[in-house]
Each structure stands twice: as structure tokens, then as C-alpha cells.
Protein chains: 2
Amino acid sequence: MQQLKRLTIGAVLSIFSAQLLAAPALITNEQKQTATQLMQTALKSDLGMEIVTSLTTEIGPRLGGSEAEKRARDWGLKLGESLGFDKTQVEEFTMPFWDRGHLHISLTSPYQQELYGTALGGAAPTKKSINADVEYFRDIHALAEIKDNSLKGKIVFIDGDMMVKSQTGAGYGQANQRRRIGWQHAQRGGASALVVRSVGSDSHRFPHSGMMSKDGEKWAEIPVIAISNPDADHLRRLHNLGKPLSISLHSESKWKGEVSSGNVILDLIGSEKPDEIVLIGGHLDSWDLGTGAVDDGAGIAITTAAAALIAKLPKRPKRTIRVVMFGAEEVGLLGAFAYAKQHEANLNNHVLATESDFGAQTIWQLESNLNPQATLLIDEIAKILSPLGIVRGGADVPGGGPDIIPMAAKGVPTIRLNQNGRDYFDLHHTPDDTLDKIDPDELAQNIAAYAASIYLIADSDVELKP
Amino acid sequence: MQQLKRLTIGAVLSIFSAQLLAAPALITNEQKQTATQLMQTALKSDLGMEIVTSLTTEIGPRLGGSEAEKRARDWGLKLGESLGFDKTQVEEFTMPFWDRGHLHISLTSPYQQELYGTALGGAAPTKKSINADVEYFRDIHALAEIKDNSLKGKIVFIDGDMMVKSQTGAGYGQANQRRRIGWQHAQRGGASALVVRSVGSDSHRFPHSGMMSKDGEKWAEIPVIAISNPDADHLRRLHNLGKPLSISLHSESKWKGEVSSGNVILDLIGSEKPDEIVLIGGHLDSWDLGTGAVDDGAGIAITTAAAALIAKLPKRPKRTIRVVMFGAEEVGLLGAFAYAKQHEANLNNHVLATESDFGAQTIWQLESNLNPQATLLIDEIAKILSPLGIVRGGADVPGGGPDIIPMAAKGVPTIRLNQNGRDYFDLHHTPDDTLDKIDPDELAQNIAAYAASIYLIADSDVELKP
């Protein structure tokens, strides 16, 4: 990646020189020069790595609603103050707290073997240890066909396939059905517990956690456990050999009442249009198994560092740049819904919103779906980002990131700086999501792209609303 | 790897044709033709994968001395019978049994975080849970300098460095000192427990298990735990920030008295010199965290499949080919010492011995350190193996493999078919040592090399002794 850094710095310089001669009207030469300087500075800066190193090391895992997430909010406030933001605050909200607790799961027939599993978010505990025969289903479609109460006393196992690695993360939503709603069929069948193949693209012995979906207002009344892909392969091979399987399971995961969480808000107040807000951010909470480096310490580092570089410019951009460190994303976008509700009255002041929450690999595409004039602005920004290896992308934008969904649903315009997600689902929600998985140069490329594009949007007079 | 398979089959054919014209005296044209056919058959055969799939799936993890290892011996006998070996037997021995039991280890200061650890072989249990301050040592050399009784009430952490990946596994012995004898210094210092950075070349959240060394006849009297490389990185970063560390630890690992183990012995009886034995093998036991695919299901599969292909030839080679599935290797080469003792009287009939116990990646080098005539034979064999990508290697042979050490010490000649070990210490002794890590084509290349070379040695009249 050292090579990328050198190449891109060189390319940034040459593009800048070439475009000085024939600048389009939507971006001034001075703005372009500033954006280019921001990119160069970002590519040479260690700030992003310093932020994500500090968050993952000094705070560690930070489950939504936990004491650790509170420490992370204090950390975020201090960070914002030290980096020169004009205004820093926490907006609190309340939420139900689910705690993973201790789990033990092992194969007991045809022989004793430990399985590497973890409870899925929202799962009920075992009242006492369960040891039951396994009913094998090749996928969730097979399970969906069962009759009510036909699985009494069984532990259901939903197999499936390992996710294919892809740049875009395609396939996650589909594979995730067994994690999201598998329990509804297993519970309808009267099963004692559900075990599912992890939703991930790795063949390591790590389970992937993640939240289940409610059925209306109801959470699962049975324990639901994800096991690693190699463990699922093992069960499949044994099943295919005709071996009767049984599993022993003890899980303490449960709901523990209402707690506090919050969103950390860091503002660079706009110099001309302070009420117009360009919102970027990531989520501050993480799953508890890893230290939340890739998901989403990286997003916090990328967006905070990008804004911090803009803060060092001699003058604030015209519009306000707001970094939101959302709370309790993993457990149901709770910070995002709280933000959209708490800011309902002034969401029409949010001229644009986007989130970094897809790891720390390089950004390869800038997508937008805006009005014609705004589209031209984004086209010009894409040209400025092109030395970073970023191409202009299509029109179908899925909401600007998970935490942007609630405000996008209320009309806030969005763009996406799409990251390469090829390795993302190797690490996603596993114990293996740790700092060593982040490449500093790839992180710096993200910061360069955010700094330049967000600066240009914030300093623009172009209207981004439909 | 499909490409390798096609290329090597083609290359085998062309080398064979070329050498028909000028065959050296030590190997006949007929022998060369047979060896070449064995290689071609091996590269196209699924037998090796079938064996390692069956062992890891139908038996699973098989700690030395466990009930699972007994099931593995029964499996080995049946396998030998089904593959046409002339004689199959188990030679039993007794051994002390160490059981890992349950472990819980977490960081408790500066905050609560789970650590991914495992007890090292031979470690004592915690009498009750320990929660103690951590004394950090950058490496074992720093720990070795402490004064007796200067670490009372502390948990010692020995850091170190992640192993560098290498083809030969260089660096393992040196890094392994903290695992082997670190406890002796910690115990001398009066520490309550020892935690060490895992000896491995991966940056995944898996601890690497492994046996400690005795101090004379004494095993450790304190708990000793290996933690994953990312966890060790985390502790190092916190230590470097000046944070006081404390750890909570509960471990049930302990010695549980004498049990039975055994070596499975499968013979192809020689057609002319049945008393002369060419011994190959692997070890049947595995660490309990994974399913022992790479260590050493692969070695069992490679050597058994190679001999099984030779068993299908119209005529047995002149000398006896013996496959030994050694028991209890991981816990101190116990099967190897038992074999050398039980066969003490006829070890001089063992004309050569070698073991496959370095994973499942391709063989790249054939090494020997034999008498001049035997060296010429091995030179010729290396030429025949060269289409597989195997080069002739140096003279310094470290004993033919771990289980060969005791018999090599008593004068049995050895060779090594050196495997590429680049990925070996990513998986070694971790939960991640599972079937999916084996590439079928790389495994087949190993079998091709073993089948050809062992056939040629067993069918030779060349004396291999000094």
C-alpha cells in the first residue's frame, strides 16, 4: 500500500494542475485546490489510525447500552474537543438492553465435540441445559415448510451456504434471513432451540453474531445460536453420512431492562449557512465479541478525521459539517431512530447525509441519486476523487448507510462513498474484528475521499434537495 | 491447483520418456515406470482426501489418551484392512492423561474484556478463580532475569513477536521457548499464573495450544495460558499506554492419571526381504481444539494413501513398507518413544524412516544424509520427483519428523520430504485446524511424492545404513 500512497499523491498533483485550466462552474478553482490539498494531507496523515487505535484499545468492545458504550461517548466528546470542533454534545436516549452472557454448545452425538457458537441478539436463555436431537434443514426455505408443532423437543439446525465474497456485499441480505427470522419458524414448530450457520464469507472457526428481527413486537422465546462455517460444514458432513446428531446447549443470553445510550454530535459550524447541515458519521457501538475495529471503529475514524482535517482549514466551509457517532446501531439502529426523532423539526435543514459503515478497505465508487444540478456537482466531485481510484456510480442509492435510513426516509438527501467490501463479511460481528485487520493506507484513502467530498459539498451553494 | 495437476501429469510423462533412454543403474527402467505410474495415479486419486475427511468427520478431535483416540485406532485398523494391507495391529502403551477442562480468562483492568486463550499442555488448574495484577515482560529473556520470589501474587504475561511466515518453519523453536519453559521462570518468581503470547504466524483471534516442557520430572504447578496474537497486541498497546492491567482467570486443566494409548501399525509385507522395514507415518492424535486436519490428519492420509497405492501394484516391493499411525505425539512423542522401546530388538531391521507432520501444502524438497551409495539412490529418486516441483536438498536432516526422533537416535536412517510450511503456523494447535484448510490437489502432490519415493526405496537393494 505504500505504493498506492505514492502513486495517488502524484496523481492528485497532476490532475489538479490539468484542471486548473478549465474549471467547471460548480466548483471554483480555489475550492478544487483546497479539496486537493485535503486529499494530499489525508493520505500522509496518521490521524485515522490514531483514532481507531485509541477507540479499540482504550475503550475496547462497546455493546449498545453497556457501560463501555458510555465510556466511548465520553471518549468521543473529548476527541471532538481536542480536534477543534466548534460544538460537541451527547443526545441521550433509552433502549432495552440484551446481554450475551455465557454460552456452552457442543455436539454430543455421534461423539463429544465442542462447537464454536454465539447467541444471536435478542435470543432467550436456556432455562437449564438442553441436550436434544438435531433436526437438519438444508436452508431456511426447507424450514419454512414445516407444520406448526412438528419439531417438539428438537434442536433445529439451519444450514445454508457460506457467503460468496463480493465487492458490494451482495448476498448478505439473502443469507441473513436465517439469522433474522429463522427463529420464527423454529418456534412455530415447537423446537427447543435453533442453531444456524453463521452469515459470513470466511472459513474460520468464528461464529458471526448479529441481531434477529422481532415478530411484530415479540422477540424470540427460544435460544438461537450461530455456529462457525467450519462447524456447520462438519454437521453437514455428519448428517450426509446418516449420523444422528444431538447437541448440548446452555445459554444465559437475555433481556435486562431499559438502559441509556446516546449519539455523540460534533459540529464544525458553517461560516455562511450555519443552519444547513452536511451530516457524516459512523456508529460508536460494536458487537461485544471483537473490539469493533472494522465495524465500525473505522467509520468513526474516517468521518471524524475527515472533518478534523477540514477544521484545520483557515476558514470554515459555508455549511455546517456534523459528525454523528451513532449509539446502539448493531442492536436495531436505535441511535439512528432517536436522532431522526429528536431532530424531526429541523431535518429539512439536513442538506445531505452519509455514513461510513462497511469496513476499512478502499472506497471505489461515489454514488448519488440527487436533483440534476446536484448530480452535476457530484459528477465534478467524482472527477476530483478519481486519482484515489474512485469511479462515479449509478443512481440507486440505498439510503446512505444503516444509520441514515431513518432520516433518508424523511427526505434527507444521501450519497454513498462505496467501500470495497470483499473482506468485510470475513470479520463482520466476529471475535476477529480487531485493529490488526485495518490497513493504514486503505484507511487514509477513505479519509481523503471523505475530506474532499464533504468539504466541497459543505462549501457549495448548490441545493441538494429534490 | 487444477492447473498444477495437469502440468505435473504432463511433465511426469515427458520426463519418463526422456529418461528411458539413459537410465542410471540404481533404479531399473521398470521401477522408474512403476514410480511414474504411481505418481500419475496419485495426482488423479481422491483417496487422501477421503481418508482425512473420514478421520476428521467421523472421529473428530482426538487428544492423546482420550476415548476419541481409541476410536481413531479402531478406525485406523479398519482402514488398513479395507485398503489391502497384509498385516494390521495396534501396539498399546500407557501414558499420563492431561485434560484441558474449562477455561475463562478476561481482562478486568483497565476495563472488562474477554480474552481468547487456552491452557497449555501440562498446566495446573486454578484452585479458585484468580484476579491479579499483570506483570508485563517484553519477551522470555526479560522474564529470565527476575529474582526468585519477586513476582508473588502477580499474573506474569510474556509478550514476544508473532512468528514470521516461512517455508521451513524457521523461528518456531525459538519462539516456542516462552511456551515450553516460560512457566519455570514464572513459578520461580512465585507468580500465581502465567499468560503467554501464542506461538503462531496468524493474526486471528485463536490461541495456539501445545505442550510445555517438564523441569526434570516436574510439571508446572501454576496455570499457564496462551492467548491469541491480537489479544497479546491489545495487552501490549495498553501496557505501552501506561495502563495498569489485571486479569481474571479460572482454569480446570489438570492431570488425571494413567490411561491407554497405542500405535496403529499397517504392513505391506516385502516380497523378497520381508524383515527389512521402510517406515512412514504420521500421528493419529490431535490437539482437542480443532479436528486435527492439518496436524496431523494430513500426514495420516498422505502416508496411508501412498502405501495403499503401492498395495495395488501387481507385486509387493522387496522390502516391507510399514505405515505407523503414532499415538499421543502432541503430548510428548509418547507413541514414538513406545515404538522405539517396543521395537528396540529389531530397530536394525528398519532400513529407513520418515514422517509427514508439517501440514498439507506441497512438498518442495527431498533431503537426506545417508551413505554415498544411498545418497546416489536418493539423487535419482529426486530426479523422478522433480516434475512435482520437488528439488534435491541439503545434508542436514533433523531426524525425519517428530515421531522418528527416538528411532533415529538409535541409528535408523531417515529422509525428509519437506513440505511448504508457510501457512502451517497459522493453524497449528488452534481451533481453526479443520478440514476446509486442506487443498485436495496439494494433498495429492504429497501422496504422489511419497508413493514414488517409498516404492523405489522399498524395491531397492541399496543399503541405507551408514
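Residues numbered from 1 in each chain as written. Chains lettered and ligands numbered in written order. Predicted model: local features only at pLDDT ≥ 70, side-chain atom pairs only at ≥ 80, totals over all residues. Heavy atoms only, no water.

**Structural notes on the environment of A:Ser253**
Residue and element names in this part refer to chain A.
Here is step 1: Of note, Ser 253 is situated in the loop between β9 (246-251) and β10 (254-268).
Here is step 2: A relative accessible area of 0% places Ser 253 in the buried class.
Here is step 3: Taking the C-alpha atoms as reference points, Ser 253 and Leu 427, 174 residues apart in sequence, are found 22 Å from one another.
Here is step 4: Not counting chain neighbours up to four residues away, the residues in contact with Ser 253 comprise Trp 98, Asp 99, Arg 100, Ala 119, Ala 123, Ala 124 and Pro 125.
Here is step 5: Within the structure, Ser 253 has its side chain in polar contact with the backbone oxygen of Ala 123 (distance 3.2 Å). (Helix = DSSP H or I, 4+ residues; strand = E, 2+ residues; numbered from the N terminus. Buried < 20%, exposed > 50% of the residue type's maximum accessible area, 1.4 Å probe, protein only. Contact = heavy atoms within 4.5 Å. Polar contact = N/O pair within 3.5 Å; in protein donor to acceptor, adjacent residues only side chain to side chain.)

**Details of the interface of chain A and chain B**
In many reports, interface size means the accessible area that the parts give up when they come together.
Here is step 1: With 31 residues of chain A in contact, the opposing surface of chain B contributes 31 residues.
Here is step 2: Across the interface of chain A and chain B, roughly 2,400 Å² is buried in total on both sides, 58% from carbon and sulfur atoms.
Here is step 3: Of all residues in chain A, A:Thr57, A:Tyr111 and A:Arg205 bury the most surface against chain B, accounting for 22% of the area lost on that side.
Here is step 4: Inspection of the chain A/chain B interface yields 0 salt bridges.
Here is step 5: Inspection of the region where chain A meets chain B yields 19 residue pairs in polar contact (both at pLDDT 80 or more).
Here is step 6: When residues of the side of chain A that touches chain B are traced back to their parent elements, those giving at least two are α3 (47-59) and α8 (229-240) of chain A.
Here is step 7: For the side of chain A that touches chain B, the element with the most residues is α3(A), which contributes 5 residues.
Here is step 8: Across the side of chain A that touches chain B, the residue classes break down as 11 nonpolar, 12 polar and 8 charged. (Buried area = accessible area lost by both parts, 1.4 Å probe. Salt bridge = Lys/Arg side-chain N within 4 Å of Asp/Glu carboxyl O. Nonpolar A, V, L, I, M, F, W, Y, C, P; charged D, E, K, R; others polar.)

**Points about the relation of the copies chain A and chain B**
Here is step 1: When chain A is fitted onto chain B, the two copies agree to an RMSD of 0.0 Å after a turn of 180° and an axial shift of 0.0 Å. The symmetry that links the two subunits is that of a two-fold axis.
Here is step 2: Of the residues that chain A buries at the interface, 100% are likewise interface residues in chain B, meaning the two copies contact each other through the same surface. (Least-squares fit on C-alpha atoms with pLDDT ≥ 70 in both.)

**A look at the confidence of the model for chain A**
Here is step 1: Mean pLDDT over chain A stands at 94; residues scoring 70 or higher make up 94%.
Here is step 2: Low pLDDT (under 50) marks residues 15-23 of chain A, which in the prediction has 12 contacts with non-local residues, meaning those over four places away or in another chain. (pLDDT = per-residue confidence, 0-100.)

**Some words on unusual backbone geometry**
Here is step 1: Residue A:Pro110 is bonded to the preceding A:Ser109 through a cis peptide linkage, with omega at 10°.
Here is step 2: Structurally, A:Pro110 can be placed in the loop between β2 (103-109) and β3 (113-114).
Here is step 3: Of note, the bond from A:Asp295 into A:Asp296 is cis; its omega dihedral lies within 30 degrees of zero at 5°.
Here is step 4: Among the secondary structure elements, A:Asp296 is positioned in helix α9 (residues 293-311).
Here is step 5: One non-glycine residue with positive phi stands out, namely A:Ala328, at about 50°.
Here is step 6: Given a relative accessible area of 0%, A:Ala328 falls into the buried group.
Here is step 7: Its identity as a non-glycine residue notwithstanding, B:His429 has a phi of 70°, on the positive side.
Here is step 8: By the element assignment, B:His429 lies in the loop between α13 (424-427) and α14 (440-458).

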